[in-house]
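Architecture at a glance
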Amino acid sequence: MLHLGMEEIWKDVPSLKGHYQVSNLGNVRRIMCRPVKGCLNSAGYKQITPHGPDIKKVTRTVHSMVAEAFIGPRPEGAHIAHWNNDRADNRLENLRYATPKENIGDDRRRHDTLPIGERNYKTKFRDVDIVAIRASTKRNIELAREYEVTKECISNIRRRKTWAHVNIEDTI
């Protein structure tokens, strides 16, 4: 994948003993051979299985090789985070080392992928239901029967202990 206006820079992957290189654009090649295509793993990350006379045959993610070659050794316990949340985008400018909290929690909030509210596959409610519950003059027990949940659930919604992120303005 070539990006307009960007020069492709190749570097050796230190842990692969001079047999493989990665580019700042997230491409991989075996030295003295053609580029390596790789494939996507079940989590959506591009991966390859490097091989050579003195290389242990272990599948590696491309983003980990790009980070190792261009950013340096990974700090203990650090994740390799993708700024744009696209696991297949292994360009250097899209990668950084991050704490697990930064990578999982903050990224999910920033990219709007945190499974809260309607994005949670287990939910029985939509945002419009929450607004209707809060605006209703019915008692909690009546609403609980109507929505097939407990009266405590309705009480928590009304007191914003749950679904606090939903505002009337968001649904208009």
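Residues numbered from 1 in each chain as written. Predicted model: local features only at pLDDT ≥ 70, side-chain atom pairs only at ≥ 80, totals over all residues. Heavy atoms only, no water.

Re the overall build of the protein
The cut-off we apply is this: In this text, helices come from DSSP runs of H or I with a minimum length of four residues, and strands from runs of E with a minimum of two, each type numbered from the N-terminal end. Only protein chains enter the accessibility calculation, which uses a 1.4 Å probe; a residue whose area is less than 20% of its type maximum is buried, one above 50% is exposed, and one in between is partly exposed. Residue contacts are defined here by distance: any two heavy atoms, one from each residue, within 4.5 Å place the two residues in contact.
Helix and strand counts for the protein come out as 6 helices and 9 strands. Across the 172 residues of the protein, 35% fall into the buried class. Once local pairs closer than 6 in sequence are excluded, the contacts in the protein between residues at least 24 apart make up 40%.

Brief notes about the pattern of salt bridges
Heads up, the rule is: Salt bridge criterion: a side-chain nitrogen from Lys or Arg within 4 Å of a carboxyl oxygen from Asp or Glu.
Applying the stated criterion across every chain yields a total of 5 salt bridges. For Glu93, the salt bridge goes to Arg91, with nearest N and O atoms at 2.2 Å. Judged by its relative accessible area of 14%, Arg91 falls in the buried class. A salt bridge links Arg126 to Asp129; the shortest N-O distance between them is 3.4 Å. With relative accessibility at 48%, the residue Arg126 sits in the partly exposed group. Three or more residues are tied together by salt bridges with common partners; here these are Asp89, Arg91 and Glu93.

Things to note about the sheet that holds strand S5 (residues 39–40)
Heads up, the condition is: Here, strands pair whenever DSSP counts at least two bridges between them.
Taken together, 3 strands build an open sheet; the order of strands is S5-S6-S7 and the sheet is antiparallel. One side of each edge strand has no neighbouring strand; the edge strands of this open sheet are S5 and strand S7 (60–61). Looking at chain direction, strand S6 (residues 46–48) and S7 are connected through 2 bridges and run antiparallel. In the sheet register, Gln47 faces S7, and the bridge partner there is Thr61.

Here we look at unusual backbone geometry
Here the phi dihedral of Glu148 falls at roughly 60 degrees; this positive angle occurs in a residue that is not glycine. Along the chain, Glu148 falls in the loop between helix H4 (140–147) and helix H5 (151–158). Here the phi dihedral of Arg160 falls at roughly 60 degrees; this positive angle occurs in a residue that is not glycine. Mapped onto the elements, Arg160 comes out in the loop between H5 and helix H6 (168–171). Since its relative accessible area comes to 38%, Arg160 is described here as partly exposed.

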